[in-house]
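What the coordinates show
Next come the chains, spelled out residue by residue.
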Amino acid sequence: MATDYDAPRKQEDESDSLDALKQSIPTKQNTSVDDEGDSSEYSLADGPDLSEAELDVVVLPPQENEFTCVECFLVKHHSQLAYENDLGPVCKDCAA
Ligand SMILES: [Zn+2]
């Protein structure tokens, strides 16, 4: 039974892990209402689990083809790189 729900969710994980994580939590709550064994999963005392998961997905390091501009602090694609100063890369918007 559970496999029917897991299969599509795993695919979402790969393409959009952020959404999948947030969606999987409320979904578990709904399905576990019928399952007494899982009821502890959504007790309010389990707060730390949630915040930990959010921290994991919110902090995304720049990809290999991206950089963080030291002027505007935005993550830009490498095609937007104008030059690098002493502090680091500067995007074309800031260099203009
Ligand atoms: Zn910039």
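See the structure shown above.
Per chain, the residues get numbers from 1 upward, laid out in the order the sequence is written. Only residues with pLDDT of 70 or above have their local features reported here, since the model is predicted, and side-chain atom pairs are shown and tallied only from 80 upward, although totals for entire chains, interfaces and linings are computed over all residues. Excluding hydrogens and water, the side-chain figures rest on all heavy atoms present in the structure.

**Overview of the overall build of the protein**
In this text, helices come from DSSP runs of H or I with a minimum length of four residues, and strands from runs of E with a minimum of two, each type numbered from the N-terminal end. From N to C terminus, the protein includes four helices and four strands. Listing the helices and strands of the protein from first to last along the sequence gives α-α-α-β-β-β-β-α. Only protein chains enter the accessibility calculation, which uses a 1.4 Å probe; a residue is then buried when its area is under 20% of its type maximum, exposed when over 50%, and partly exposed in between. Relative to its 96 residues, the protein shows a buried fraction of 15%. For the area figures, the Shrake-Rupley method with a 1.4 Å probe applies, and any residue is considered shielded solely by the protein chains shown. Working note: accessible area of the protein is about 7700 Å², and carbon and sulfur atoms make up 52% of it.

**Description of the environment of C94**
Looking at the secondary structure, you find C94 in helix 4 (residues 92–95). The exposure class of C94 is partly exposed, given its relative accessible area of 30%. Considering only alpha carbons, one finds C94 and V70, 24 residues apart in sequence, at a separation of 9.2 Å. It only takes one pair of heavy atoms within 4.5 Å for two residues to be counted as in contact. Beyond its immediate chain neighbours, meaning those up to four positions away, C94 contacts C69, E71 and C72.

**Some words on the nonpolar core**
For the purposes of this section, nonpolar cores are sets of buried Ala, Val, Leu, Ile, Met, Phe, Trp, Tyr and Cys residues that join through side-chain atoms within 4.5 Å. Formed by F67, C69, V70, V90 and C91, the largest nonpolar core amounts to five residues. Excluding residues within four positions of it along the chain, V90 makes contact with F67, C69, V70, E71, Q80, L81, A82, Y83, E84, N85 and A95.

**Looking at the side chain of K76**
Along the chain, K76 turns up in strand 2 (residues 75–77). On the accessibility criterion, K76 (14% relative accessible area) is buried. If we ignore the near neighbours within four places in the chain, the residues touching K76 are N65, E66, F67, C91 and D93.

**Quick word on the coordination of the zinc ion**
Geometry sets the ideal angles at a metal, namely 109.5 degrees for four tetrahedral donors and 90 or 180 degrees for six octahedral donors. For the zinc ion, the protein coordination sphere consists of C69 (SG), C72 (SG), C91 (SG) and C94 (SG), at 2.3 Å. The rule for donors is simple: N, O or S, within 2.8 Å of the metal, or within 3.2 Å if the metal is Na, K or Ca. Water isn't counted, so a site may look like it is missing partners. Each label reflects the angles at the metal, where four donors whose angles all fall between 85 and 135 degrees are tetrahedral, four or six donors whose opposite pairs open beyond 155 degrees and whose other angles stay between 65 and 115 are square planar or octahedral respectively, and the rest are irregular. The coordination sphere of the zinc ion comprises four donor atoms, whose angles at the metal cover 103 to 117°; the geometry is tetrahedral. Sequence spacing of the donor residues for the zinc ion, all on one chain, is C-x2-C-x18-C-x2-C.

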